[in-house]
Amino acid sequence: MQKGQKLQTVLMVSTAAILAALLGSLLYLVWDRGGIAQLKEQVFPSKAVSLNPIQDEDSQVLPLVSLPPEERRSPLEEIAASPEPSIDRSRARYLLATDWIEDLEGGKALQQLEGLEREYPLLAPYVLLKRARAYELTNELSESRQTLETLTEKYPDSLVAAEALYRLGETNPENWEIALSEFPTHPSTHQIARDRLNADPNDVSMLLFLARQNADVEGIGDARDRLVERYAAQLSPQDWETLGDGYWQAGEYRKAINAYGKLPNSPKTLYRIGRGNQLVGNTARALSSYEILVNSFPEAEETGNALLRLASLSEGENALDYLAIAINQFPDLAPIALERKADLHEKLKQGQLAGQTRQILLDNYATSDEASEYRWKIARQLAEEGDAARAWKWAYPIPTNTPDSSIAPKASFWVGKWASQLDRRQDARAAFEYVLSNYPESYYAWRSAAILGWDVGNFNTVRQMTPEVIDPPIRPEPPAGSELFRELYQLGQDSDAQILLAAETGNRESSVPEQFTQALFLLEEGKYLQGIGRILELREQEDPEAREQWLALRKKPQYWQALFPFPYEDLILKWSEERQLNPLLVVSLMRQESRFEKEIRSPVGATGLMQVMPATGEEVAGKMGLTEYSLSDPEDNIAIGTWYLDFTHSEYDNNSLLAIASYNAGPGNVASWVRRFNTQDPDWFVEQIPFGETQGYVESVFSNYWNYLRIYNPEIAEKLPTP
């Protein structure tokens, strides 16, 4: 549905609603605020009103959230004037009030907020907070203060009370003391600490208060440094551990080493001192710390990792000895240690021992990622030799043994390809269907779908396709935070929502759903590189519980929508149509090139969304007749980038595999690969691309394409299995 259609839908209201709106306006003209309050008390008594439930997907308000205030005002006013109480009416009134406050129209905001806390109990504390701000705008400061006091009295345990206490503390500092005591994790309370430090930089209690907060808190780095530089003698062991942990999380390893050095030896401190020294290049100190850890705490979890680090920093027999201890004493690390031991045997020209070590890996740790990686290495070698039967035999166990490994989708796909070569058609089809069912987000799912005959495009047809693109009509509900937070987020109240989530998360380490939700805010701010990066980092989970959280999150649509956002959609659709390019191929290339950062520059000078080289931009702009352009301007960049993508397609008879490879590696390299390798099997051609960067680039772009297709095209989404 296009945006215009969405707006038309939400504008459809009943005649009764319109009449109610007119009546409400007349009443406000005739009555003063006190009269209106009496009328509303009759209509909305003090107890909370029971709202007519509305499912989010049926909401008329939520699709309006992303519109500018001036575009959504009229439909919101019509919904707000509905005679029947409902969650949509409450949401409309709240959004109108926040929009009027942004426009500094306190009086109009007060009209929408009057009695709303009773109608909208979920957001009642925020209704009072907004009302206090609206009173400020109308210069009714006494009413504003009384409203804030009401908030703290009626909702003393709500985190929103911290914001009221901060404002009240500006005239009565006792409220700041309450906030510091009762709401230490709230950003408003952190501001109190910063304000006090501005007044008295030597307030050690406030320095310690900030140092104990979440690593992202503003001013925390300066607080840590000042404590170490000026007040080291006053710090307790617990303070030093807090400082060490903070420095470690911030990646300030030298400072972390110093802080941990003030503590008694423990597995954690010894390992981090060793690892920190290794990261900053102090190898001798790293070895010493790891050795102390191994000797002092032989059974600690950190000791196993220390043994692997010692092996990586040692040579020959010493390294083998460390790996042998890790294999014998730490079964969870044995597969990694065996793999490294086999590689080391080969380096020492001990081929027989290397083979024996790998056989132990296959026999005793068949379900490890390391065993599957070795299996794939052998399978690929056999395929290069033309032995499809043995390649199939080596690859077949991989998806069964390690279904969650990164190699499993590729192995499953090639099991199907090799079965096809062996004329085992049913086995081949089963393998391709297995990939679609178990790895629907992978590049190999697209390749499987194409081979099975789905209308998803192939390397030589994808350019001409124009798949339907349907945007999600409302913001997806985030997987973390309280019900209050989730409501704020879906209403687009990002500033309030971020503050609330930070307060709810507090000083503890954020869970996977919380980290994902924090990334959503980066995306909403247009910080796509950071947001997508944060989401991708979630896959690096060592803790079993955290990994389970990540696996569960990957089953939710909002995870994939966030990982594959569609900014600049109108421009992409416009220039894709102009160049007769598949718009999903364009956005996929753009995501790979720049992560949608419009001003990003590569080390060699490639600029903007589609990473256009300045010389290329100048040449293309001349051919387009552009006398003034900027590669940092989204429209100019997309216009020039799509021209060049059209050119690379024309160079290779609209073969998108070669066109995309040429966009990355240049036409000269691709031309040489076409001469060297057989292009009749495009999948094997991709495997043979000698530039690892370009091979990964091709797979990533088409993986992006497939994911945009399955997320934004309902026809394909319906064909895939539901998580």
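Please read these numbers as outputs of a predicted model, since none were measured by experiment. (Residues numbered from 1 in each chain as written. Predicted model: local features only at pLDDT ≥ 70, side-chain atom pairs only at ≥ 80, totals over all residues. Heavy atoms only, no water.)

## Brief notes about the overall build of the protein chain
The line we're drawing: Segments assigned H or I by DSSP are reported as helices when at least four residues long, segments assigned E as strands when at least two residues long, and all are numbered from the N terminus. For the exposure calls, accessible area comes from a 1.4 Å probe over protein chains only, and a residue counts as buried if that area is under 20% of its type's maximum, exposed if over 50%, partly exposed in between. Any pair of residues with heavy atoms lying within 4.5 Å of one another is described as a contacting pair. Just so you know, the count uses Lys and Arg for positive and Asp and Glu for negative, and it drops His and the chain ends. The atoms used to mark charge sites are NZ of Lys, CZ of Arg, CG of Asp and CD of Glu.
Helix and strand counts for the protein chain stand at 43 helices and zero strands. Expressed along its principal axes, the backbone C-alpha trace of the protein chain runs to roughly 95 × 70 × 50 Å. Residue burial in the protein chain is summarised as follows: out of 723 residues, 51% are buried. Taking all contacts inside the protein chain whose residues are at least 6 apart in sequence as the whole, residues at least 24 apart take part in 55%. Computed over 70 positive and 106 negative side-chain charges, the separation of the two mean positions in the protein chain equals 3 Å.

## Observations concerning the environment of Val 674
Among the secondary structure elements, Val 674 is positioned in helix H40 (residues 667-676). Considering only alpha carbons, one finds Val 674 and Glu 70, 604 residues apart in sequence, at a separation of 55 Å. Excluding its chain neighbours within four sequence positions, the residues that come into contact with Val 674 are Leu 658, Thr 679 and Phe 685.

## What to know about the nonpolar core
For clarity, the cut-off: Nonpolar cores are built from buried Ala, Val, Leu, Ile, Met, Phe, Trp, Tyr and Cys residues. Side-chain atoms within 4.5 Å join them into one set.
Counting residues in each nonpolar core, the largest one holds 206 residues, and the members touching the most others are Tyr 94, Leu 227, Trp 376, Trp 418, Val 456, Phe 702 and Trp 706. Here this core takes 10 residues from helix H42 (residues 692-712), the largest share from any one element. Among all residues touching Tyr 94, those that are not within four sequence positions of it are Leu 116, Tyr 120, Leu 123, Tyr 126, Val 127, Lys 130, Leu 488, Leu 491, Gln 493 and Asp 496.

## Some words on the pattern of salt bridges
Applied cut-off: Salt bridges are identified by distance alone: a Lys or Arg side-chain nitrogen within 4 Å of an Asp or Glu carboxyl oxygen.
Under the defined criterion, the tally for this structure stands at 39 salt bridges. Between Asp 496 and Lys 130 there is a salt bridge, with the nearest N and O atoms lying 3.0 Å from each other. Taken together, the residues Asp 496 in helix H30 (residues 494-505) and Lys 130 in helix H8 (residues 124-137) connect sequence positions 366 residues apart. The pair Asp 496 / Lys 130 is uniform in exposure class, with both members buried. Between Lys 255 and Asp 225 there is a salt bridge, and its shortest N-O distance comes to 3.2 Å. Here Asp 225 lies in helix H14 (residues 220-230) and Lys 255 lies in helix H16 (residues 253-260), a separation of 30 residues in the sequence.

## Let's talk about helix H36 (residues 583-594)
For clarity, the cut-off: The span you would expect from a helix comes to 1.5 Å times its residue count less one. Whenever two N or O atoms come within 3.5 Å, that pair is a polar contact, provided that in protein one can donate a hydrogen and the other can accept it, and provided that, for residues adjacent in sequence, both atoms are side-chain atoms.
When the terminal C-alpha atoms of H36 are compared, their 16 Å separation across 12 residues agrees well with the 16 Å that a helix rising 1.5 Å per residue should span. Within H36, 10 of the 12 residues are buried, which leaves the element mostly enclosed by the surrounding structure. All buried positions along H36 are accounted for by Pro 583, Leu 584, Leu 585, Val 586, Val 587, Ser 588, Leu 589, Met 590, Arg 591 and Ser 594. Close packing links the buried residues of H36 with helix H32 (528-537), helix H34 (557-563), helix H35 (569-579), helix H38 (634-651), helix H39 (656-665) and H42. Sitting at the head of H36, Asn 582 places a side-chain oxygen 2.9 Å from the backbone nitrogen of Leu 584. One or two positions beyond H36, positive phi appears at Arg 595, with a value near 55°.

## Topic: the confidence of the model for the protein chain
Note the cut-off: Values of pLDDT, which run from 0 to 100, indicate the predictor's confidence residue by residue.
Confidence in the prediction for the protein chain averages 91 pLDDT; 92% of positions are at 70 or higher. Confidence over residues 1-50 falls short of pLDDT 50; this stretch has 58 contacts with residues more than four positions distant or in other chains.

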